[in-house]
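Residues per chain, in single letters:
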Amino acid sequence: MNQTQVADRERIAERLLRSTATRSYDPELDINWSAPPVPGKAFFPEHRSTLYGTALYEQLSPEQRRELGKHEAASVAGTGIWLEFVLLRLLAKLAYQGDPASRHVQYALAEMAEECRHSTMFARLIEWMGTPAYRPSRLVQRLGKVLPGIAYGPVMWGAILIGEELTDRYQREMVNDESIQPLTRMVNRIHIMEEARHIGFARAELARSAARLTRAELPYHRALLGRIAFIVARNLVTPEVYSSVGLDPRQAHRVALANPAYQETIRYGGEKIVAFLTENGLVGVPGMFWWRRSFLLP
Ligand SMILES: [Fe+2]
Ligand SMILES: [Fe+2]
């Protein structure tokens, strides 16, 4: 990196650190966890349910739909926690390798502190909803374990952004939706506000590191990113949630994957980040096999 790039990076980190100091939340204090759910309000938008619009969904009563939505919300929160754990390790790697006296590393530490609070907040949300704490499959957990060892530069920032931007998109939709539980909306409001900084930081880092990639490195980043995009998009909701309303998980999962409304929900979630990654040359061969199967592409 040349001096201008370093100065630019420090300037962004300085601005984000100032914003963090003035605008951040403590979910332990800022959310009233003792407030019970409001009767009749949903935990997840109906039209974002994985089964929305299918014959299977039509068979469910309004109560069952709300129950399924609650479990789907819990699964997204559980995957969110898993993503944040992976992210914490990626940021810890950056801090470990960098200069602690730089604003850049200091901002990474500030972001880690926020992610710790977010994970606790999502865990409490799951507790509050009274559902099981769903987690991604064993295979996905193993992949999350190796990622910090093999990801650097564009693929590392890309993985962070896919995780953050997909969930951000759904949360932004929910925050203004009066039919959703007020506590859920507050959780989303806090997350959106703090993630805006994280996304800004990661996008600037991705653009900078992608511009420095050599031709020989590019296929590695594209291939790995396609694989990660597929994993994240396909694991937001685990098939186990369907048991909550008496559906067979395997059958309901098959119906969900073939459901055009669900495929559109995934595409909607990825719309902005896919455009950004494409602009930076990171969506392409040899990663296309997984991108196509992820339902993220327009
Ligand atoms: Fe977060
Ligand atoms: Fe974040």
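Scroll up to find the structure.
The following refers to the structure shown. (Residues numbered from 1 in each chain as written. Chains lettered and ligands numbered in written order. Predicted model: local features only at pLDDT ≥ 70, side-chain atom pairs only at ≥ 80, totals over all residues. Heavy atoms only, no water.)

1. Quick word on the coordination of the iron ion (ligand 1)
Working reference: metal with six octahedral donors, ideal angles 90 or 180 degrees; metal with four tetrahedral donors, ideal angle 109.5 degrees. Of the protein atoms, only Glu 84 (OE), Glu 115 (OE), His 118 (ND1), His 191 (NE2) and Glu 195 (OE) coordinate the iron ion (ligand 1), at distances of 2.0 to 2.3 Å. Site description for the iron ion (ligand 1): donor spacing in sequence, E-x30-E-x2-H-x72-H-x3-E. The two metals, the iron ion (ligand 1) and the iron ion (ligand 2), are separated by 3.6 Å and share Glu 115 as a common coordinating residue. Highlighted residues: His 118 in helix H5 (residues 103–129) and Glu 195 in helix H8 (residues 182–211), separated in sequence by 77 residues. You can call His 118 buried: its relative accessible area is 0%. With a relative accessible area of 1%, Glu 195 lands in the buried category. (Donors = N, O, S within 2.8 Å, 3.2 Å for Na, K, Ca; no water. Helix = DSSP H or I, 4+ residues; strand = E, 2+ residues; numbered from the N terminus. Buried < 20%, exposed > 50% of the residue type's maximum accessible area, 1.4 Å probe, protein only.)

2. Section: a positive patch on the surface
A cluster of basic side chains, namely Arg 89, Arg 138, Arg 142 and Lys 145, defines a positive patch on the protein surface. Top contributing element to the positive patch by residue count: helix H6 (residues 138–150), with three residues. (Patch = residues over 30% accessible without salt bridge, like charges linked within 9 Å, V, L, I, M, F, W, Y side chains within 5 Å. Areas by Shrake-Rupley, 256 points an atom, 1.4 Å probe, with all protein chains shown as cover. Salt bridge = Lys/Arg side-chain N within 4 Å of Asp/Glu carboxyl O. Lys, Arg positive; Asp, Glu negative; His and termini not counted. Charge placed at Lys NZ, Arg CZ, Asp CG, Glu CD.)

3. Side note on the packing of helix H1 (residues 3–22) against H5
Running from N to C, H1 and H5 point in directions that differ by 35°, and their axes come no closer than 8 Å. Considering only the axes of H1 and H5, their crossing is left-handed. In this structure, H1 uses Arg 9, Glu 10, Ala 13, Glu 14, Leu 16, Leu 17 and Thr 20 to contact H5, whose residues at the interface are Arg 103, His 104, Gln 106, Tyr 107, Ala 110 and Glu 114. In terms of residue class, the contact of H1 with H5 is built from five nonpolar, three polar and five charged. (Axes fitted to C-alpha atoms, helices over the stretch in contact; angles between N-to-C directions. Left-handed = near helix turned anticlockwise from the far one by under 90°. Contact = heavy atoms within 4.5 Å. Nonpolar A, V, L, I, M, F, W, Y, C, P; charged D, E, K, R; others polar.)

4. What to know about the nonpolar core
Core analysis: the biggest nonpolar cluster contains 90 residues, and Ile 162, Leu 277 and Trp 291 have the highest contact counts within it. Considering every element that reaches this core, the biggest residue donor is helix H4 (residues 62–97), with 15 residues. The contact partners of Ile 162, leaving out residues within four places of it in the chain, are Leu 225, Ala 229, Val 232, Ile 273, Leu 277 and Trp 291. (Core = buried A, V, L, I, M, F, W, Y, C linked by side-chain atoms within 4.5 Å.)

5. Points about the coordination of the iron ion (ligand 2)
With distances of 1.9 to 2.4 Å, the protein atoms coordinating the iron ion (ligand 2) are Glu 115 (OE), Glu 164 (OE), Glu 195 (OE), Glu 195 (OE) and His 198 (ND1). For the iron ion (ligand 2), all donor residues lie on one chain, and their spacing in sequence is E-x48-E-x30-E-x2-H. Under the relative-accessibility criterion, Glu 164 is labelled buried at 4%.

6. Points about a nonpolar patch on the surface
Residues Leu 139, Leu 143, Val 146, Ile 150, Tyr 152 and Tyr 220 make up a contiguous nonpolar surface patch of roughly 500 Å² in combined accessible area. Its location among the elements puts Tyr 152 in the loop between H6 and helix H7 (153–175). Looking at Tyr 152, the relative accessible area reads 35%, which means it is partly exposed.

7. As for the pattern of salt bridges
Applying the stated criterion to the full structure yields 15 salt bridges. Residue Glu 14 pairs with Arg 103 through a salt bridge whose shortest N-O separation is 2.7 Å. One end of the pair, Glu 14, is in helix H1; the other, Arg 103, is in helix H5, and 89 residues separate them in sequence. Relative accessible area serves as the criterion here: at 29%, Glu 14 is assigned to the partly exposed category. Between Glu 264 and Arg 267 there is a salt bridge; the shortest N-O distance is 2.8 Å. Of the two residues, Glu 264 and Arg 267 both sit in helix H11 (residues 260–279), three residues apart, roughly one turn of that helix. With a relative accessible area of 36%, Glu 264 lands in the partly exposed category. Bridged by salt links that share partners, the residues Asp 8, Arg 11, Glu 205 and Arg 208 form one connected network.

8. Description of the packing of aromatic side chains
All told, the structure shown has eight aromatic pairs when counted by the stated rule. Seen from their ring centres, Trp 157 and Phe 201 are 5.6 Å apart, and the 85° between their planes marks the pair as edge-to-face. Taken as a pair, Trp 157 in helix H7 and Phe 201 in helix H8 lie far apart in primary sequence, 44 residues in all. In this pair, the class of Trp 157 matches that of Phe 201, namely buried. Ring geometry for Phe 289 and Trp 290: centres 4.9 Å apart, planes at 80°, overall edge-to-face. Residue Phe 289 is classed as partly exposed on the basis of its relative accessible area, which comes to 46%. Residue class for Trp 290 comes out partly exposed when judged on its relative accessible area of 22%. Put simply, the rings of Tyr 107, Trp 157 and Phe 201 pair up and form one aromatic cluster. The residue whose ring lies beneath Lys 70 is Phe 43, and the NZ or CZ to ring-centre distance is 5.5 Å. (Phe/Tyr/Trp six-rings, centres within 6.5 Å; stacked < 30°, edge-to-face > 60°. Lys NZ or Arg CZ within 6 Å of the ring centre and 35° of its normal.)

9. Some points on the environment of Ile 31
Structurally, Ile 31 can be placed in the loop between helix H2 (27–30) and helix H3 (55–58). Spatially, the C-alpha atoms of Ile 31 and Met 186 are 7.3 Å apart, while their sequence positions differ by 155 residues. When neighbours within four sequence positions are excluded, Ile 31 is seen to be in contact with Met 121, Leu 183, Met 186, Val 187 and Ile 190.

Function-wise, these values are silent; they only describe arrangement.
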